[in-house]
Amino acid sequence: MIYSLKKAIFANLIKRQLLQIMENLDGRLVIGVSSRALFDLEKENEIFEREGIKKYREYQELHEDEPLERGTAFYLVKSLLELNKQANRPIVEVVVMSRNSPETGMRMLKSLDQYKLDITRVALSGGESLSKYLKAFSIDLFLSKDEQDVQRVIDSGICASAIIYAPPTDFDPEDSRVKIAFDADAVVFSDESECRFKREGMEAFYKYEKEHADEPLKEGPFAKLLMKLSAIQECFPTSIELSPLRLAIVTSRSLPSHFRVIKTLRKWGVYVDEAYFLGGLRKDELLKAFGAHIFFDDQDTHLTTSSKYVPSGKVPYYSTSQIKEATKEKEEQENG
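The structure presented is a predicted model; accordingly, all values stated were derived computationally and were not measured.

A look at the overall build of the protein chain
Phase 1 of the analysis: For the protein chain, the helix and strand inventory stands at 14 helices and 12 strands.
Phase 2 of the analysis: Here the protein chain, with 336 residues, has 49% of them falling under the buried criterion.
Phase 3 of the analysis: Taking the intrachain contacts of the protein chain between residues at least 6 apart in sequence as the baseline, contacts between residues at least 24 apart amount to 74%.
Phase 4 of the analysis: By element, 52% of the accessible surface of the protein chain is carried by carbon and sulfur atoms, the whole surface being about 17,400 Å².

Shown next, in the form of structure tokens:
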């Protein structure tokens, strides 16, 4: 009788602890990163595509004790995990997600240990799409090289998501702070303004933005992520201005359209440390100077150059977006 009572008390205690862990996870920034985004697995992926799963398994087993090379998201993940120490409590959780089976994923698991990454949650789906498991892990941001998976996530609205570019060759951040940069339209904000620019031209775009400066821009696919990052800035023992997490807006907009951007962020209660309104200038040198651990944009024209200097990710448009049609219309007008 006493043994049964003790067993029941112990079971309830464990249940309460598990519930507390789950509740705490909801308050954290949760990053879901694919193994190919975290590590450089392109050689291994080529073996899989060219020679099949058997040869891939054999190769991974043969090189099981060799650490994988760092991938595009490695320094972002490493630096974000360091924030937990600076906040003196867990505020960031990273979930490594892979289509590997537990067997073929062993090398990746060993690499996590060899790099001393404080990661406790891993998803090995054995070939299944990763996107359907994001909700179960309360993911806020999903980074992957699988374009179809990322598109499904964006369309579903489960969380922010980006297609990771190849890693820059010489990126090794010296700054201990985490630096994340965002494009504005179609990333933080909706693509409504960008559509207007493509359809009506620059003059009409600026006229509209100036007239509607006090009307907040609609949320884009990364709005909720930016809000959460801004909230995390206040979790440190320093003032928000001295937070080890630094956020920047890097946009092709120029004055006077900056008013609407800043007022929208203020309306959302979002603090960004830096904002750059480039008026169509290239973004790569600016991002290099900023030292972004990652930069999110919707246009290849910016990402192709920025990815040579800083880790970069493409935010795809919603499948139902009017942006593609607007782009086509603009091209037809320019071509006469």
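That was the structure; now back to the text.
A short note on the packing of aromatic side chains
Phase 1 of the analysis: What the rule picks out here adds up to 12 aromatic pairs.
Phase 2 of the analysis: Measuring from ring centre to ring centre gives 5.7 Å for Phe48 and Tyr56, while their planes differ by 75°; the resulting arrangement is edge-to-face.
Phase 3 of the analysis: Given the relative accessible area of 8%, Tyr56 is considered buried.
Phase 4 of the analysis: For the ring pair Phe197 and Phe205, a centre distance of 6.0 Å and an interplane angle of 75° mean the geometry is edge-to-face.
Phase 5 of the analysis: Through successive ring pairs, a cluster of aromatic residues spans Phe39, Phe74, Tyr75, Tyr115 and Phe171.
Phase 6 of the analysis: Here the guanidinium or amino end of Arg196 rests over the ring plane of Tyr208, the centre of that ring lying 3.6 Å away.

Here's the deal with the pairing of strand β6 (residues 141-144)
Here is the key point about a regular strand: its side chains alternate between the two faces of the sheet.
Phase 1 of the analysis: A two-sided burial pattern is seen for β6, the buried positions comprising Leu141 and Leu143 on one face and Phe142 and Ser144 on the other.
Phase 2 of the analysis: As defined by bridge partners, strand β1 (residues 29-34) adjoins β6 across three bridges and the pair is classed as parallel. Bridge assignment links Gly32 to a residue of β6, and that residue is Phe142.
Phase 3 of the analysis: By the bridge criterion, four bridges tie β6 to strand β7 (residues 160-164) in an arrangement that is parallel. Residue pairing for β7: Leu141 is matched across the bridge by Ala160.

Quick word on the nonpolar core
Phase 1 of the analysis: By size, the foremost hydrophobic cluster in this structure holds 73 residues, and its most contacted members are Leu143, Ile180, Phe182, Phe222 and Phe296.
Phase 2 of the analysis: Looking at this core, the element that brings in the most residues is helix α5 (residues 74-87), giving eight residues.
Phase 3 of the analysis: Membership of the second largest hydrophobic core comes to 10 residues, among which are Val30, Leu134, Ile139 and Cys159.

Side note on helix α11 (residues 258-268)
Given 3.6 residues to a turn, an α-helix orients residues that are three or four positions apart in the same direction.
Phase 1 of the analysis: Taken together, the buried positions of α11 are occupied by His258, Arg260, Val261, Thr264, Leu265 and Trp268. Seen end-on, α11 carries its buried residues on one side only, within an arc spanning 165°. What points out from α11, more than 90 degrees from its buried face, is the exposed set Arg266 and Lys267.
Phase 2 of the analysis: Looking at the packing, one finds that the buried side of α11 touches α8 (192-200), α9 (202-211), α10 (223-232), β9 (245-251) and β10 (274-277).
Phase 3 of the analysis: One or two steps after α11, the chain reaches Gly269, where phi turns positive at roughly 75°.

Focus on the sheet that holds strand β11 (residues 294-297)
Phase 1 of the analysis: Judged by pairing direction, the sheet is mixed, and its 10 strands sit side by side in the order β5-β4-β1-β6-β7-β12-β11-β8-β9-β10 without closing on themselves. Unpaired on one side and paired on the other, β5 (121-124) and β10 mark the two borders of the sheet. Averaged over all pairs of adjacent strands, the angle between strand axes in this sheet comes to 25°, irrespective of strand direction.
Phase 2 of the analysis: Relative to strand β12 (residues 312-314), β7 is paired through two bridges, and the arrangement is antiparallel.

What about the side chain of His63?
Phase 1 of the analysis: Mapped onto the secondary structure, His63 falls in the loop between α4 (53-62) and β3 (69-70).
Phase 2 of the analysis: Within the structure, the side chain of His63 is placed 2.9 Å from the backbone oxygen of Tyr59, a separation counted as a polar contact.

Notes on the pattern of salt bridges
Phase 1 of the analysis: Scanning the model with the defined rule gives 31 salt bridges in all.
Phase 2 of the analysis: Here Arg253 ties to Asp185 by a salt bridge, and the two come within 2.8 Å at their closest N and O atoms. With Arg253 in the loop between β9 and α11 and Asp185 in the loop between β8 (178-182) and α8, this residue pair connects regions lying 68 residues apart in the sequence.
Phase 3 of the analysis: Residue Arg253 is classed as buried on the basis of its relative accessible area of 3%.
Phase 4 of the analysis: Through salt bridges with shared partners, a single ionic network connects Asp185, Glu209, Glu215, Arg253 and Arg260.

The rules behind the values
Residues numbered from 1 in each chain as written. Predicted model: local features only at pLDDT ≥ 70, side-chain atom pairs only at ≥ 80, totals over all residues. Heavy atoms only, no water. Helix = DSSP H or I, 4+ residues; strand = E, 2+ residues; numbered from the N terminus. Buried < 20%, exposed > 50% of the residue type's maximum accessible area, 1.4 Å probe, protein only. Contact = heavy atoms within 4.5 Å. Areas by Shrake-Rupley, 256 points an atom, 1.4 Å probe, with all protein chains shown as cover. Phe/Tyr/Trp six-rings, centres within 6.5 Å; stacked < 30°, edge-to-face > 60°. Lys NZ or Arg CZ within 6 Å of the ring centre and 35° of its normal. Pairing = 2+ DSSP bridges. Core = buried A, V, L, I, M, F, W, Y, C linked by side-chain atoms within 4.5 Å. Arc of directions from axis to C-beta. Axes fitted to C-alpha atoms, helices over the stretch in contact; angles between N-to-C directions. Polar contact = N/O pair within 3.5 Å; in protein donor to acceptor, adjacent residues only side chain to side chain. Salt bridge = Lys/Arg side-chain N within 4 Å of Asp/Glu carboxyl O.

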